Amino acid sequence: MTAASVAGSGVHPQGPDVPARPVGTAEVVSLSGLRNAEFGATEEDLTRRGLLRTDEEACGVTLTGHGSVSPIFIDDRLILLWLDDPMTTPEGIGAGTPVGEVRAAYPDAAALPAPPGSHRFAGLLARDGDRAYLFLHDGVTVRKIIAGYADWARRLFAEGYGPC
């Protein structure tokens, strides 16, 4: 996961001053990726198409037109998207969604408890083939969503994650 951190993965601000519910029009991320940035695309291709930019407020590169999305690359391939408001899944699940709604929308999602004594969120991993949504939650509501290759999402959860 060190490579993911170096490649610009990260989170955007969160806390009591950041609204839990999406603001404005939500954009949908599918298990294929975004409309202009598909999982498996190369960093070189996304850069050539003008889709990557460095955001001074983020921990690394972001997708042009998607300030609420942090791409994670491994071996020059887009493997995960770290999503903030107002991004949602096709089922309308986003940051601020109650965990019960996630379980209803993804009944086969695997529960991933936060390690005891840690300050990490628990997770729900909703897998479909080699892709998945990882919903990080505080036991009540979704706080973050990570979408992409299932094995990498699971590994990110197991190894921990941080703001940068």
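Values in this document were obtained by computation on a predicted structure and should not be read as measured data.

Asks: Tell me about the sheet that holds strand β9 (residues 110-112), residues and numbers included.
Replies: Sheet architecture is open: six strands sit in the order β6-β7-β12-β11-β10-β9, paired in antiparallel fashion. This sheet does not close on itself; its edge strands, each paired only once, are β6 (69-74) and β9. Across this sheet, the average inter-strand angle for adjacent strands is 20°, counted without regard to direction.

Asks: Which residues make up the packing of aromatic side chains, and what are the values?
Replies: Here the structure, examined in full by the defined rule, presents four aromatic pairs. Ring centres of phenylalanine 39 and tyrosine 149 lie 6.2 Å apart, and the angle between their planes is 65°; this geometry places the pair in the edge-to-face category. Remark: tyrosine 149 occurs in strand β12 (residues 142-149) and phenylalanine 39 occurs in the loop between β3 (37-38) and α2 (43-48); sequence separation between them is 110 residues. On the accessibility criterion, phenylalanine 39 (7% relative accessible area) is buried. For the cation-ring pair, arginine 120 lies above phenylalanine 157, with the distance from its terminal atom to the ring centre recorded as 5.4 Å.

Asks: Give a description of the nonpolar core that names residues and reports values.
Replies: Judged by nonpolar contacts, the single largest core of 46 residues is most densely connected at Leu81, Tyr133, Leu134 and Phe135. Of all the secondary structure elements, the ones that give two or more residues to this core are β5 (61-63), β6, β7 (77-83), α3 (99-105), β10 (122-128), β11 (131-137), β12 and α4 (150-159). Per-element tally for this core: the top contributor is β7, with six residues. In this structure, tyrosine 133 is in contact with Val29, Ser30, Leu31, Thr89, Pro90, Tyr106, Leu124, Leu125, Ala126, Ile145, Ile146 and Ala147, ignoring residues within four places of it in sequence.

Asks: Any details on the pattern of salt bridges? Residues and values, ideally.
Replies: The full count for this structure, using the stated rule, is nine salt bridges. In this structure, arginine 49 engages glutamate 38 in a salt bridge whose closest nitrogen and oxygen atoms are separated by 4.0 Å. A residue pair is termed long-range when its members are at least 10 positions apart, and arginine 49 in the loop between α2 and β4 (52-54) and glutamate 38 in strand β3 qualify at eleven residues. Classification of arginine 49 as partly exposed rests on a relative accessible area of 36%. For aspartate 151, the salt bridge goes to arginine 127, with nearest N and O atoms at 3.2 Å. Taken together, the residues span a long stretch of sequence, with aspartate 151 in helix α4 and arginine 127 in strand β10 at a distance of 24 residues. For arginine 127, a relative accessible area of 48% corresponds to the partly exposed category. Linked by salt bridges that have partners in common, Glu38, Asp45, Arg48 and Arg49 make up one network.

Asks: Let's hear about α4: which residues, and what values?
Replies: Those residues of α4 lying buried are Ala150, Ala153, Leu156 and Phe157. Viewed end-on, α4 has its buried residues packed into an arc of 125°, placing them on one side of the element. Among the exposed residues of α4, those pointing more than 90 degrees away from its buried face are Asp151 and Ala158. In the core, the buried residues of α4 are packed alongside β7, β9, β10, β11 and β12. Glycine 160 sits one or two positions beyond α4 and adopts a positive phi of about 95°.

Asks: Please give an account of the pairing of β11 that cites residues and values.
Replies: Most of β11 is tucked away, with seven of its seven residues classed as buried. Pairing between β10 and β11: seven bridges, direction antiparallel. Among the inter-strand pairings, glycine 123 is bridged to a residue of β11, identified as leucine 136. What sits between β10 and β11 in their antiparallel hairpin is a turn of two residues, with glycine 129 showing a positive phi close to 65°. Pairing of β11 with β12, which is carried by seven bridges, proceeds in the antiparallel orientation. Note that in β12 the partner of arginine 131 across the bridge is tyrosine 149. In this antiparallel pair of consecutive strands, β11 and β12, the connection spans four residues, and glycine 139 shows a positive phi of 95°.

Conventions we followed
- Residues numbered from 1 in each chain as written.
- Predicted model: local features only at pLDDT ≥ 70, side-chain atom pairs only at ≥ 80, totals over all residues.
- Heavy atoms only, no water.
- Pairing = 2+ DSSP bridges.
- Helix = DSSP H or I, 4+ residues; strand = E, 2+ residues; numbered from the N terminus.
- Axes fitted to C-alpha atoms, helices over the stretch in contact; angles between N-to-C directions.
- Phe/Tyr/Trp six-rings, centres within 6.5 Å; stacked < 30°, edge-to-face > 60°.
- Buried < 20%, exposed > 50% of the residue type's maximum accessible area, 1.4 Å probe, protein only.
- Lys NZ or Arg CZ within 6 Å of the ring centre and 35° of its normal.
- Core = buried A, V, L, I, M, F, W, Y, C linked by side-chain atoms within 4.5 Å.
- Contact = heavy atoms within 4.5 Å.
- Salt bridge = Lys/Arg side-chain N within 4 Å of Asp/Glu carboxyl O.
- Arc of directions from axis to C-beta.

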